[in-house]
Amino acid sequence: MTTHFAPFTDLDDLEQAPCGTWLGDSSDLSGDWGMVDCRLCQKRKSNIAKTASAEERAIVEQMGTMAAFMRAEDSAPKENICTP
């Protein structure tokens, strides 16, 4: 049984390890490089780390954009709608 690197916490929908190996029922995943014994993951460690870092930056940027939009929505003048 090989342990592959998994940079993300949501592993339910993960069918393929970042190294490209298709995961089966006996595959293990870890976010700790010390636990990873997949040779392909170890070989591609720098590329996997770069990709994960780029994805994290994109997520943080998207969250910032969403937060700015929500702040603008909250500060926009609201109509006072009264219903009988």
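Residues numbered from 1 in each chain as written. Predicted model: local features only at pLDDT ≥ 70, side-chain atom pairs only at ≥ 80, totals over all residues. Heavy atoms only, no water.

### As for the overall build of the protein chain
Working step 1: Secondary structure assignment for the protein chain yields two helices and two strands.
Working step 2: Along the protein chain, helices (α) and strands (β) appear in the sequence β-β-α-α when read from the amino end.
Working step 3: Residues counted as buried form 15% of the 84 residues belonging to the protein chain.
Working step 4: Put simply, 55% of the contacts in the protein chain that link residues at least 6 apart link residues at least 24 apart.
Working step 5: With the model as given, the accessible surface of the protein chain reaches about 6,900 Å², and the carbon-plus-sulfur share is 53%. (Helix = DSSP H or I, 4+ residues; strand = E, 2+ residues; numbered from the N terminus. Buried < 20%, exposed > 50% of the residue type's maximum accessible area, 1.4 Å probe, protein only. Contact = heavy atoms within 4.5 Å. Areas by Shrake-Rupley, 256 points an atom, 1.4 Å probe, with all protein chains shown as cover.)

### Some points on the state of the cysteines
Working step 1: For the structure on display, the rule yields zero disulfides.
Working step 2: No disulfide involves Cys38; its nearest neighbouring cysteine sulfur is the one of Cys41, lying 3.7 Å away.
Working step 3: A relative accessible area of 6% places Cys38 in the buried class.
Working step 4: Exposure remark for Cys41: the relative accessible area of 0% places this residue in the buried category. (Disulfide = S-S within 2.5 Å.)

### Some remarks on the nonpolar core
Working step 1: Core analysis: the biggest nonpolar cluster contains eight residues, these being Phe5, Ala17, Cys19, Trp33, Val36, Cys38, Cys41 and Ile48.
Working step 2: Among all residues touching Ile48, those that are not within four sequence positions of it are Phe5, Pro18, Cys19, Trp33 and Cys41. (Core = buried A, V, L, I, M, F, W, Y, C linked by side-chain atoms within 4.5 Å.)

### Brief notes about the confidence of the model for the protein chain
Parts of the model with low pLDDT should not have their predicted coordinates read in detail.
Working step 1: With 87% of its residues at a pLDDT of 70 or more, the protein chain shows a mean pLDDT of 85.
Working step 2: Predicted confidence in the protein chain is weakest over strand S2 (residues 28-30), with a mean pLDDT of 87, and strongest over helix H1 (residues 39-43), with 94. (pLDDT = per-residue confidence, 0-100.)

### Some remarks on the side chain of His4
Working step 1: Looking at the element boundaries, His4 is found in strand S1 (residues 3-5).
Working step 2: Since its relative accessible area comes to 4%, His4 is described here as buried.
Working step 3: The contacts of His4, once residues within four sequence positions are left out, are Ala17, Cys19, Thr21, Leu23, Ser27, Asp28, Leu29, Ser30, Val36, Cys38 and Cys41.

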